[in-house]
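# Examination of the molecular architecture
For reference, the chains in residue letters:
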Amino acid sequence: MSNDSSTTGFRRILLKLSGEALAGSSGDAKFGIDAQVLNAVCKEVAAVIETGTQVAIVIGGGNFFRGISASESGIERATADYIGMLATVMNALAVQQALKQIGVEARVQSAIPISPVSEPYVRLRALKHLNQGRVVIFAAGTGNPYFTTDTAASLRAAEINADILVKATKVDGVYDSDPESNPDAVRYEQVSYDEVLQKRLGVMDATAIALCRDNNMDLRVLSISEEGALAKMAQGQEIGTLITGGM
C-alpha cells in the first residue's frame, strides 16, 4: 500500500482531521466549529481533488466531546465513546456542507447507522464514490467504543486501499519534543513506526500505529494550516514528516 511520495503523486489518500482543528485557535476553549477554519480546510481538500487524487476523510469530534475525558469525570467509558462518535457525525456533516458550497461532491458514511443524515459505512459503496470523484467522509469512528478516530483512520485507510494516510495537524510534522513548549525541538524528516512507539512520539495511539505498520501503510504528518501543503503532498512533494515501516 505504500508509495514513494518523493517521485510520484498519489491516486488515493485518507486524510485524518482532528475535531479540534475545525475549532480554530480562538474562541471558548476551542469549542465548536470556526467557519473560516472549516472553509479553509475544505479549500485545501478541493485543491487535492483538482489534481485528480481521490480523498477520503476520517474526522474526530474533540471540538464537541472527548470520550476519554468524559469517562474520567464519571460517565461510563462505552457511553462516553458513543457520545464522542456522534460528535464526529456533526463535524462530518459540516465538512460535507462546506465542500458542497465550493462545488465538491461529498458523502458521509457513518459507522453508526443514522439514515436521515448519512449513509451507513459500506466499503464497496465508499470505493464507488471515490472512483466517481466524490470525497467520502467516514464518521463515528469504527462504531465501537474504546477505539479512537486515529485507529479508525488507520483501519479505513487499509480497507479502501489508500496509497497513504495523512494526518493533518496544526504542527508541520513530527518533533522529538513539543515544539510549542520547546523552541529547540527538532523535526523528523522521516521516522519508522517502531521509533514512534519506542520514543512515544505521540503521533497516534499505539493501536493506530500498529495497524499502519502491519499493513505497510505509510503515514505523513503535515500542517493543515499551511496553504497548499496538502495538494503538494498529494502530488509527491516531501511535506512534513514521513512515517514508514522501515528506515
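None of the values given here were measured: they were computed from a predicted structure.

### As for the overall build of the chain
Across its full length, the chain holds nine helices and 11 strands. Against the 2.2 N^0.38 benchmark of 18 Å for 247 residues, the chain shows a C-alpha radius of gyration of 17 Å, consistent with a compact globule. Summarising its shape, the C-alpha atoms of the chain cover approximately 45 × 45 × 35 Å along the three principal directions. Expressed as a percentage of the 247 residues in the chain, the buried residues total 51%. Taking the intrachain contacts of the chain between residues at least 6 apart in sequence as the baseline, contacts between residues at least 24 apart amount to 72%. Accessible area of the chain: about 11200 Å², with a carbon and sulfur share of 49%. Distance from the positive charge centre (22 side chains) to the negative charge centre (28 side chains) of the chain: 7 Å.

### Focus on the environment of Lys-30
Inspection of the secondary structure puts Lys-30 in the loop between α1 (19–23) and α2 (35–50). Exposure remark for Lys-30: the relative accessible area of 41% places this residue in the partly exposed category.

### Some details on the nonpolar core
In terms of nonpolar packing, the biggest core is built from 40 residues, with Ile-57 and Ile-137 touching the most fellow members. Elements with a contribution of two residues or more to this core: β1 (12–17), α2, β2 (54–59), α4 (77–101), β3 (106–110), β5 (135–139), β6 (164–169) and α9 (229–234). Residue contributions to this core peak at seven residues, all from α4. Contacts of Ile-137, omitting those with residues within four sequence positions, involve Ile-57, Ile-59, Ala-92, Val-95, Gln-96, Leu-99, Ala-106, Arg-107, Val-108 and Gln-109. One finds Ala-157, Leu-201, Met-204 and Val-221 within the second-largest nonpolar core, a separate group that totals 30 residues.

### As for the sheet that holds strand β11 (residues 241–244)
With mixed pairing, the nine strands of this open sheet are ordered in space as β4-β3-β5-β2-β1-β6-β10-β11-β9. Across the chains shown, the open sheet's two edge strands, defined by having one partner strand only, are β4 (119–120) and β9 (190–192). Two elements, β3 and β5, share five bridges in a ladder whose sense is parallel. Across the sheet, the residue bridging to Arg-107 is Val-136, located in β5. Its contacts with the sheet put α2 on β1, β2 and β5, and the angle it makes with β2 is roughly 150°. Each of β2, β3 and β5 touches α4; the most contacted strand, β5, lies at about 165° to it.

### A look at the packing of α2 against α4
The description of two packed helices rests on the angle between their axes and on the distance between the axes. Where α2 contacts α4, the two axes come as close as 9 Å, and the packing angle between them is 65°. In terms of axis orientation, α2 runs roughly perpendicular to α4. Considering only the axes of α2 and α4, their crossing is right-handed. From α2, Leu-38, Asn-39, Cys-42 and Val-45 reach across to α4, where they touch Ala-94, Val-95, Ala-98 and Leu-99. When its residues are assigned to classes, the contact of α2 with α4 shows seven nonpolar, one polar and no charged.

### Regarding the environment of Val-95
Relative to the helices and strands, Val-95 is located in helix α4. Val-95 sits 74 residues away from Ala-21 along the chain, and the two C-alpha atoms are 12 Å apart. Ignoring sequence-local partners within four residues, the contact set of Val-95 consists of Leu-22, Leu-38, Cys-42, Ile-57, Ile-59 and Ile-137.

### So, the pairing of β3
Regular strands place their side chains on alternate faces of the sheet. Most of β3 is tucked away: four of the five residues are buried. Two strands pair when backbone bridges link them, and β3 and β4 are joined in this way by two bridges, in the parallel orientation. Note on β4: the bridge partner recorded for Gln-109 is Glu-119.

Cut-offs applied
Residues numbered from 1 in each chain as written. Predicted model: local features only at pLDDT ≥ 70, side-chain atom pairs only at ≥ 80, totals over all residues. Heavy atoms only, no water. Helix = DSSP H or I, 4+ residues; strand = E, 2+ residues; numbered from the N terminus. Rg over C-alpha atoms; globule rule 2.2 N^0.38 Å. Buried < 20%, exposed > 50% of the residue type's maximum accessible area, 1.4 Å probe, protein only. Contact = heavy atoms within 4.5 Å. Areas by Shrake-Rupley, 256 points an atom, 1.4 Å probe, with all protein chains shown as cover. Lys, Arg positive; Asp, Glu negative; His and termini not counted. Charge placed at Lys NZ, Arg CZ, Asp CG, Glu CD. Core = buried A, V, L, I, M, F, W, Y, C linked by side-chain atoms within 4.5 Å. Pairing = 2+ DSSP bridges. Axes fitted to C-alpha atoms, helices over the stretch in contact; angles between N-to-C directions. Parallel < 35°, antiparallel > 145°, perpendicular 65-115°, else oblique. Left-handed = near helix turned anticlockwise from the far one by under 90°. Nonpolar A, V, L, I, M, F, W, Y, C, P; charged D, E, K, R; others polar.

Any functional reading would require information beyond the geometric quantities listed.
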